Amino acid sequence: SAVISQKPSRDICQRGTSLTIQCQVDSQVTMMFWYRQQPGQSLTLIATANQGSEATYESGFVIDKFPISRPNLTFSTLTVSNMSPEDSSIYLCSARNQGGEQYFGPGTRLTVT
Amino acid sequence: GNSVTQMEGPVTLSEEAFLTINCTYTATGYPSLFWYVQYPGEGLQLLLKATKADDKGSNKGFEATYRKETTSFHLEKGSVQVSDSAVYFCALSGRGANSKLTFGKGITLSVRP
């Protein structure tokens, strides 16, 4: 299995600012992902974080709004830019190992005021 | 495309009751199937998985069998505990290395003493 940590665990931010979320995995993984989970809802995939290259974004998500980095096999960041109240959500980092099992971090609970 | 359908919730049971949570899927090829659990305020935890037809995944008293003929992966537990109260997500993943997890909507289980 893989243990995933995220920082910060929660934050309250003002409209128009940006927040960077960090994700650290305790072992080498093949793929890393970022998800968003609205309260009481299922998970929505934002993007696949690719090591050393631009992330692959899902429909409805763009790099200018959600820039992602993955400088090595075990670390990734997601930035939520120019935030609005609609960005209030839980952001989850996820990683898949070579066995095809996918694990999730504890999430970052973001509130935008 | 791939999709996962879970039964409507929420579900409320008394302690020691039998649990069944239905999950059916639509997919091309032969996907891998997963159940994830999300306890209040936490990220998702992989509960169990099955990678081929007739496989049975099991963990913590929970079981699910990969039924290709009915395209189902129902989650069962013989005797639930209060500590099982959580949200349960059924998910599938294709066989390709770059395949993505497709989640069901999730169902909330509440177990009363």
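Note that this is a predicted model, so its numbers are computed, not measured.

**Quick look at the sheet that holds strand S8 (residues 62-65) of chain B**
Residue and element names in this part refer to chain B.
Turning to step 1, where the next piece is worked out: Here 4 strands make up an open sheet; going across it, the order is S3-S9-S8-S7 and the pairing antiparallel. Where the open sheet ends on each side, the last strands, each with one partner, are strand S3 (19-21) and strand S7 (56-59). On average, each strand axis in the sheet is inclined to that of its neighbour by 15°, with strand direction left out of account.
Turning to step 2, where the next piece is worked out: Sheet analysis places S8 next to strand S9 (residues 75-77), joined by 3 bridges and oriented antiparallel. Residue pairing in the sheet places Glu63 in a bridge with Glu76 of S9.

**Observations concerning the interface of chain A and chain B**
Where interface size is quoted, it is often the accessible area lost as the parts come together.
Turning to step 1, where the next piece is worked out: Residue-level contacts link 19 residues of chain A with 19 residues of chain B.
Turning to step 2, where the next piece is worked out: Summing the contributions of chain A and of chain B, the shared interface buries around 1400 Å²; its carbon and sulfur component is 53%.
Turning to step 3, where the next piece is worked out: Taken together, the links from chain A to chain B amount to 2 salt bridges.
Turning to step 4, where the next piece is worked out: With its nearest N and O atoms 2.7 Å apart, the salt bridge here joins Lys100(B) to Glu58(A).
Turning to step 5, where the next piece is worked out: At the boundary of chain A with chain B, the tally comes to 7 residue pairs in polar contact (both at pLDDT 80 or more).
Turning to step 6, where the next piece is worked out: Counting residues per element, the ones that place at least two in the side of chain A that touches chain B are strand S4 (31-37), strand S5 (43-49), strand S9 (89-96) and strand S10 (102-104) of chain A.
Turning to step 7, where the next piece is worked out: Its residues assigned to classes, the side of chain A that touches chain B shows 8 nonpolar, 7 polar and 4 charged.

**Re the pairing of strand S2 (residues 11-14) of chain B**
Residues and elements named next belong to chain B.
Turning to step 1, where the next piece is worked out: On S2, burial follows the alternation: Val11 and Leu13 on one face are buried, whereas Thr12 and Ser14 on the facing-out side are not.
Turning to step 2, where the next piece is worked out: Here S2 runs beside strand S12 (residues 107-112); their pairing, made up of 4 bridges, is parallel. Paired with Ser14 across the bridge in S12 is Arg112.

**Comments concerning the sheet that holds strand S8 (residues 75-80) of chain A**
Remark on secondary structure: sheet strands pair via backbone hydrogen bonds, oriented parallel or antiparallel.
All names here are of chain A.
Turning to step 1, where the next piece is worked out: Pairing is antiparallel in the open sheet, where 4 strands are placed in the order S1-S3-S8-S7. The open sheet terminates on both sides in strands that have one partner only, identified here as strand S1 (4-7) and strand S7 (68-72). Looking at each pair of strands side by side, their axes are set apart by 15° on average, direction ignored.

Parameters and conventions
Residues numbered from 1 in each chain as written. Chains lettered and ligands numbered in written order. Predicted model: local features only at pLDDT ≥ 70, side-chain atom pairs only at ≥ 80, totals over all residues. Heavy atoms only, no water. Pairing = 2+ DSSP bridges. Helix = DSSP H or I, 4+ residues; strand = E, 2+ residues; numbered from the N terminus. Axes fitted to C-alpha atoms, helices over the stretch in contact; angles between N-to-C directions. Contact = heavy atoms within 4.5 Å. Buried area = accessible area lost by both parts, 1.4 Å probe. Salt bridge = Lys/Arg side-chain N within 4 Å of Asp/Glu carboxyl O. Polar contact = N/O pair within 3.5 Å; in protein donor to acceptor, adjacent residues only side chain to side chain. Nonpolar A, V, L, I, M, F, W, Y, C, P; charged D, E, K, R; others polar. Buried < 20%, exposed > 50% of the residue type's maximum accessible area, 1.4 Å probe, protein only.

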